[in-house]
2 protein chains.
Amino acid sequence: MSSSGYTSSGASTPSNGSRPSSPTLGTPYVKLADRIEAKIDRGERWFSLEFFPPRTPQGAANLISRFERMVQGGPMFMDITWHPAGDPGNSDKETSSMSIACAALNYVGHETMLHMSCCNSTKDDIRRHLDKAKELGIRNILALRGDPIVGDEWKYVEDGFNYATDMVKFIRAEFGDYFTVCVAGYPHGHPDSPTYEEDLQHLKEKVDAGADFIITQLFFKAERYVKFVEDCRRIGINVPIIPGVMPIQGYHSLRNLVKLSKLEIPDEIREAIEPIRDNDEAIRNYGVHQAVTMIRELFDSGLVNGLHFYTLNREVATIQILKQIGLWTEDIQRPWPWKRTANYNRCEEEVRPIFWASRPKSYVYRTQEWDEFPNGRWGSSESPAFGELNDYYLFYLKPNAKKEELLDMWGHELTCLQDVCDVFTNYITGKESKNGKKVRKIPWNDDDLAAETSFINDKLARINSRGVLTINSQPNVNAAPSTDPVVGWGTPGGYVFQKAYLEFFTSRENVQALFKVLPKYPNVNYHIIKFEGDDDYTNCDQQQPIAVTWGVFPGKEIIQPTVVDPVSFKFWKDEAFTLWTEYWGQLYAEDSKSRELIQHIHDTWYLVNLVDNDFPRDNILFTVIEDMFAEADLQRAKGKGQTNGVNGVHHDDDDGVFVNGAGDVPKNTCAEQIQRNVEADIVHAL
Amino acid sequence: MSSSGYTSSGASTPSNGSRPSSPTLGTPYVKLADRIEAKIDRGERWFSLEFFPPRTPQGAANLISRFERMVQGGPMFMDITWHPAGDPGNSDKETSSMSIACAALNYVGHETMLHMSCCNSTKDDIRRHLDKAKELGIRNILALRGDPIVGDEWKYVEDGFNYATDMVKFIRAEFGDYFTVCVAGYPHGHPDSPTYEEDLQHLKEKVDAGADFIITQLFFKAERYVKFVEDCRRIGINVPIIPGVMPIQGYHSLRNLVKLSKLEIPDEIREAIEPIRDNDEAIRNYGVHQAVTMIRELFDSGLVNGLHFYTLNREVATIQILKQIGLWTEDIQRPWPWKRTANYNRCEEEVRPIFWASRPKSYVYRTQEWDEFPNGRWGSSESPAFGELNDYYLFYLKPNAKKEELLDMWGHELTCLQDVCDVFTNYITGKESKNGKKVRKIPWNDDDLAAETSFINDKLARINSRGVLTINSQPNVNAAPSTDPVVGWGTPGGYVFQKAYLEFFTSRENVQALFKVLPKYPNVNYHIIKFEGDDDYTNCDQQQPIAVTWGVFPGKEIIQPTVVDPVSFKFWKDEAFTLWTEYWGQLYAEDSKSRELIQHIHDTWYLVNLVDNDFPRDNILFTVIEDMFAEADLQRAKGKGQTNGVNGVHHDDDDGVFVNGAGDVPKNTCAEQIQRNVEADIVHAL
């Protein structure tokens, strides 16, 4: 056999030995303009939703909540108007256009377009606004001339922005293709334009300057839109023209809007609503009917795939219309175990620590400065830079509830630890609290309990009532179909897996008992830490995150979107403990017992996470907890003869007896007394 | 509730938003010196094996095979002597010290030490050798003065290397801590040293210059070693001193060695072997007994953890000794599904394409220039730079067998395709070929069949006999314990998974039938390609590798060591097809029918891989193949009335009838005739 070799023809660049970096399983970002074109190519229908910035911070919080509900229906994008009088580009102001658009994109997590008007603005103003939008991840701009602030007249400005066309040109010149640019079309002609034809020419100029698509001003008759599109096509405007639809929702709002846009209300509409002008519900029903009828005509014209809704910041009418025309599609299939965000910077993001599972906005906020997101797996997190939570953003991250509501849920007065336990227990069981209110949220959860929690609800309720205050958990899952309605996620045809997870606050006494029993469960990973971080125990390698949710899909590598990471846990620990005092404790007067109780938990309790690695077997974590309770009872019985108290207790390795050391809280504080009472209660309850 | 926020104390560097790159689950490289120290600290025993470079290429191939067998026993490292007369630093020469050490490290995949002597060498020579060793990944050097080439006298060279100490200093000065440096100790004193004490001082100088540990020259009595160690410690030599043990394996070899090292053979040994001097086996048995006795005394001294064996390139005696003293530990637990290599550059390597599963040396060779290895997952392989296989390295990559042996296995004459099919079938079943020889290898497999293949052996044999020539396969595995003796790998306590995989060559006719049946199996991924690459069909996204082996372990992210990657498959395709002609076809005369037959397969057959994504269910791939056979039979029956022939057949989508197009091989070639015969045979056999 000859020793002559052969060469492989496929070697591309043998001299460059490096493999390409940054591989990705994530979805590459596709520009909105391209997605609209793709929808048109495939003949698929879609819709978008327009909102305006609210005037008050509470209004902003309410609007964000509304966004959360409305993205469930699957809009192509959210659209935020520019409110020139509201300091619109100031991202430090909660109610600015920029802030609302940022929240919609990054925290609600949906593709977002931001209006921007250039009237009476300098180039520097506009550049600054566009730079800020880019920095926040916004990639879609609706370029408008805008109206002068009331009282001013529109004036031609030399070397400034006189028309939207100037702004489109400016965006393309300064930002290239970064932004998808939309412009407004006026089926009735722009009110300031001398003629309809002249306005069409202006529109053509805007498109020729680089606009990707057009959204029309509102109109009341389908034929108006059809004529407009035909007129546009006739003069060579070939980009998509999306009809803007405004559901009539009230007599006065309609009148105002029509006045502003200098439109005439068709007689038949006027005649229909005049008789019901004082009946809001009747008008809304009429509006839904009118819009649905018009939309059907639009679809029948064959010219329309997408619809843009002027929601006027309301949801009922728009959702009714969308449901009636079959475009409201609540997709029960989760695309990912956690809510992805639409920011193009994060389209490769594939892994998150489980700790923020119930506080995704906080996670998004704290990682917004990352250059790269974990992709494929978490890997080493030796020094992940988690940003700090500052005042302003807390506004969006806080539960959207008033102090009174929170007190109703969490207790106007806390007399003992059992009161705290009851809040957690009621949250899980859905039972009403003493004062007859349901506990719909706790400080550690932005949203309702995950559906899958129902698998372990009874067990969770039981351990919470005994002082294991759970803030996060998931059951184990072994090769469930990816289409499973409760635990499934991702594309069909795959299999999903979970390791059982439990995260809770509990007292020092319980933790000491836990240490006694953990050696019996070698396949359980634990991480136990106090607020100060001085007590920090784990059997995980500091470098090794644990995958706790993963999926196996046809034609793909393993996807592992959720991990328990010992390093990130320390950052989460700060946040989790601080929520006790900042969200809950602050509800009470400074020297109140309630507040002292919360402070006591913050100062002396531990945050614990447990992972059961034996995912194909029954979840062992509740057995561990029961074992811990039994051990704690035993120790309590043994310690009866000694000085009572839980503070400053040290663990004696020799005989398992707890010996009291110097307390770090003054003797006989309220908190200590409360703790003793609870212990007595618990012992009694057994 | 106050809107004042809080800050997380844990944020380390909020201004630096980047996460750390290059996370790893792999084992970080630990220097040999540190590993030896760790063994001593833990009181664990170990051994190392010394070999010398052979004189001929065939000898080198045999030695590499011997390495493969001997690393099974778990040596701490392999040690290759420096052969000054054999162009030792020339890595382009198959038998050089450098090449053998490189093969041991990179292709056998085991930690390796290379001797290097400086006698009569310039600094440039030594620097070049060390640079080359570093380039190849060698990190351990045994620094020697060395002996002048026979006939020369040792001479002091001004500003040159006169003693091993000079070389140790040079290595430390030029390469810092990169190399673990070992030096030789002489329990009987160096032959050129005036006194034993003076030699001890030289050894102290070597250690003070930076040597990490000492291996002793051979000795015959444990007390000699014990005294030597005591003497070393007395003068402040504190590094580990590893006893060098030479099993007596033959009368003449012993005499030669003793003469070279100027040692005296103790009387009791001389008296024992003189009577059996012509009985090699008796001498070897004596040598084993003598060594085991001495080693036990060494262990009893309490001074010894590790043993260094002068194997003299033989394996029987050393293995017997190691087994008797309980150090030969064949670890049945696979640490990884594929054989890792010891090169420190690759210690983070965690993923490989399955294609090279049976040709790991080729994979290591072709990827040796990579700067980074896939870690955690394969990711995008848009342009992986697979190096070419050149003449020289084929030497190590080729099956270590003579032409006659290969012809005995693969057939001295191939008369029809069935002969080829029989080779594959016999390889799988272990049956003897026509001429009574077992087929122990095929060109695509370096090693014996994997144990797990036995799960599907019957099915493999059946489809190979019918012209589906399998070169790689694995069964599906659903959550087997990681300690499973057949499919397990990794640390205990984990669960391992596999997707069923099948890779084979088959004829165009079969591939056409396969395309007919594949739509019935949507959860099967396929990739089908011809040598030229002009026909290339897959239902995998080009960017998406498929994980086919993965493991879930306590406290870790998911480990996915094997993937099917569409891009790498094209590189493998070149290699796989070329093996037909270069390894098999070249065995036959240039114009022989046998050679033409192999060439025909190379030119017209397809390479196919199939992945069954439904790993929790029964392996569907053999059902797919049977379905393909049935479809092919149907088409063959339909096509009977038409012109026979398989070349240039085109697929008619309308009615599924195959129509003959223009053939790319002349009509009525031998190959075509053979193909027809096989078809007839196969049809007949049904």
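Residues numbered from 1 in each chain as written. Chains lettered and ligands numbered in written order. Predicted model: local features only at pLDDT ≥ 70, side-chain atom pairs only at ≥ 80, totals over all residues. Heavy atoms only, no water.

Caption draft 1: Representation of the packing of helix α15 (residues 417–429) of chain A against helix α16 (residues 457–465) of chain A in the model. Residues and elements named next belong to chain A. Interaxial distance between α15 and α16 falls to 8 Å at its minimum, and their mutual angle equals 170 degrees. With respect to α16, the element α15 is oriented roughly antiparallel. Note on element contacts: α16 touches α15 through Asn457, Leu460, Ala461, Asn464 and Ser465, opposite Gln418, Cys421, Phe424, Thr425, Ile428 and Thr429. Among the residues forming the contact of α15 with α16, the class breakdown is five nonpolar, six polar and no charged. (Axes fitted to C-alpha atoms, helices over the stretch in contact; angles between N-to-C directions. Helix = DSSP H or I, 4+ residues; strand = E, 2+ residues; numbered from the N terminus. Parallel < 35°, antiparallel > 145°, perpendicular 65-115°, else oblique. Contact = heavy atoms within 4.5 Å. Nonpolar A, V, L, I, M, F, W, Y, C, P; charged D, E, K, R; others polar.)

Caption draft 2: Focus on unusual backbone geometry. Although it is not a glycine, Asp87 of chain A adopts a positive phi angle of roughly 50 degrees. Relative to the helices and strands, Asp87 of chain A is located in the loop between β2 (77–80) and α3 (97–107). Residue Ala479 of chain B is not a glycine yet carries a positive backbone phi of 60 degrees. Within the fold, Ala479 of chain B resides in strand β12 (residues 477–481).

Caption draft 3: Expanded view of the domain arrangement of chain A. Residue and element names in this part refer to chain A. One can read the domain layout of chain A as domain 1 (44–325) and domain 2 (352–639). Between the C-alpha centres of domain 1 and domain 2 the distance comes to 42 Å. On the domain 2 side, the residues contacting the 18 residues of domain 1 number nine residues. Around 1200 Å² of area is buried between domain 1 and domain 2 when both sides are counted, 59% of it from carbon and sulfur atoms. Three residues, Gln58, Glu94 and Tyr107, lead the burial of domain 1 against domain 2; their summed loss comes to 48% of the area buried on that side. Inspection of the region where domain 1 meets domain 2 yields one residue pair in polar contact (both at pLDDT 80 or more). The element that contributes the greatest number of residues to the side of domain 1 that touches domain 2 is helix α2 (residues 57–70), accounting for eight residues. Tallied by class, residues from the side of domain 1 that touches domain 2 come to eight nonpolar, six polar and four charged. (Domains from an automatic or database assignment. Buried area = accessible area lost by both parts, 1.4 Å probe. Polar contact = N/O pair within 3.5 Å; in protein donor to acceptor, adjacent residues only side chain to side chain.)

Caption draft 4: Structural detail: a negative patch on the surface. All names here are of chain A. Taken together, the side chains of Glu348, Glu369, Asp371 and Glu372 present a region of like negative charge at the surface. Within the secondary structure, Glu348 sits in the loop between α11 (316–324) and β10 (352–353). Owing to a relative accessible area of 32%, Glu348 belongs among the partly exposed residues under this scheme. (Patch = residues over 30% accessible without salt bridge, like charges linked within 9 Å, V, L, I, M, F, W, Y side chains within 5 Å. Areas by Shrake-Rupley, 256 points an atom, 1.4 Å probe, with all protein chains shown as cover. Salt bridge = Lys/Arg side-chain N within 4 Å of Asp/Glu carboxyl O. Lys, Arg positive; Asp, Glu negative; His and termini not counted. Charge placed at Lys NZ, Arg CZ, Asp CG, Glu CD. Buried < 20%, exposed > 50% of the residue type's maximum accessible area, 1.4 Å probe, protein only.)

Caption draft 5: Local environment of the pairing of strand β15 (residues 524–530) of chain A. Residue and element names in this part refer to chain A. For β15, a buried count of seven out of seven residues is recorded, marking the element as mostly surrounded by other parts of the structure. When β15 meets strand β19 (residues 606–612), the two strands line up antiparallel, connected through seven bridges. Pairing of Val524 across the sheet is with Asp612, part of β19. As paired strands, β15 and strand β16 (residues 536–538) are joined by three bridges and run antiparallel to one another. Its bridge partner being in β16, Ile528 is matched across the sheet by Tyr537. Between β15 and β16, which pair antiparallel one after the other, the connecting turn spans five residues, and Gly533 there sits at a positive phi close to 80 degrees. (Pairing = 2+ DSSP bridges.)

Caption draft 6: Here's a closer look at the pairing of strand β18 (residues 559–564) of chain A. Residues and elements named next belong to chain A. Burial analysis of β18 places six of its six residues in the buried class, which makes it a mostly covered element. Here β10 pairs with β18 via two bridges, running parallel. The residue of β18 that forms the bridge with Pro353 is Val563. Both strand β17 (residues 546–552) and β18 contribute to a ladder of four bridges, which runs antiparallel. From the neighbouring strand, Ile546 faces β18, where its bridge partner is Val564. As consecutive antiparallel partners, β17 and β18 are separated by six residues, and within that stretch Gly555 has a phi angle of approximately 65 degrees, a positive value.

Caption draft 7: Representation of the pattern of salt bridges within the structure. Scanning all chains against the criterion turns up 67 salt bridges over all chains. Across the pair Glu350 of chain B and Arg377 of chain A runs a salt bridge, and its minimum N-O distance is 4.0 Å. Residue Glu350 of chain B is found in the loop between α11 (316–324) and β10 (352–353), and its partner Arg377 of chain A is found in the loop between α12 (360–366) and α13 (391–397); the two belong to separate chains. Using a relative accessible area of 2% as the deciding quantity, one classes Glu350 of chain B as buried. Of the charged contacts, one joins Arg359 of chain B and Glu575 of chain B as a salt bridge, the two residues approaching to 3.0 Å between their closest N and O atoms.

Caption draft 8: Molecular detail of the sheet that holds strand β18 (residues 559–564) of chain B. What the five strands build is an open sheet, ordered β10-β18-β17-β13-β12 (chain B); its pairing is mixed. One side of each edge strand has no neighbouring strand; the edge strands of this open sheet are β10 and β12 of chain B.

Caption draft 9: Region of interest: the environment of Ser362 of chain A. Residue and element names in this part refer to chain A. With respect to the helices, strands and loops of the structure, Ser362 is situated in helix α12. Taking relative accessible area as the criterion, Ser362 reaches 1% and is therefore assigned buried. On a C-alpha basis, the gap between Ser362 and Gly387 in space is 9.8 Å, while along the polypeptide they are 25 residues apart.

Caption draft 10: Highlighting the sheet that holds β17 of chain A. The sheet built from five strands is open, its strands ordered β10-β18-β17-β13-β12 (chain A) with mixed pairing. Where the open sheet ends on each side, the last strands, each with one partner, are β10 and β12 (477–481) of chain A.

Caption draft 11: Expanded view of the packing of α3 of chain A against helix α4 (residues 123–136) of chain A. Residues and elements named next belong to chain A. Orientation of α3 relative to α4, taken along the N-to-C sense of each, is 20 degrees, at an axis distance of 10 Å. Here α4 runs roughly parallel to α3, going by the angle between their axes. Viewed along their axes, α3 and α4 form a crossing whose handedness is right-handed. Contacts from Met98, Cys102, Leu105 and Asn106 of α3 reach α4 at His129, Lys132, Ala133 and Leu136. Class assignment of the residues belonging to the contact of α3 with α4 gives a composition of five nonpolar, two polar and one charged. (Left-handed = near helix turned anticlockwise from the far one by under 90°.)

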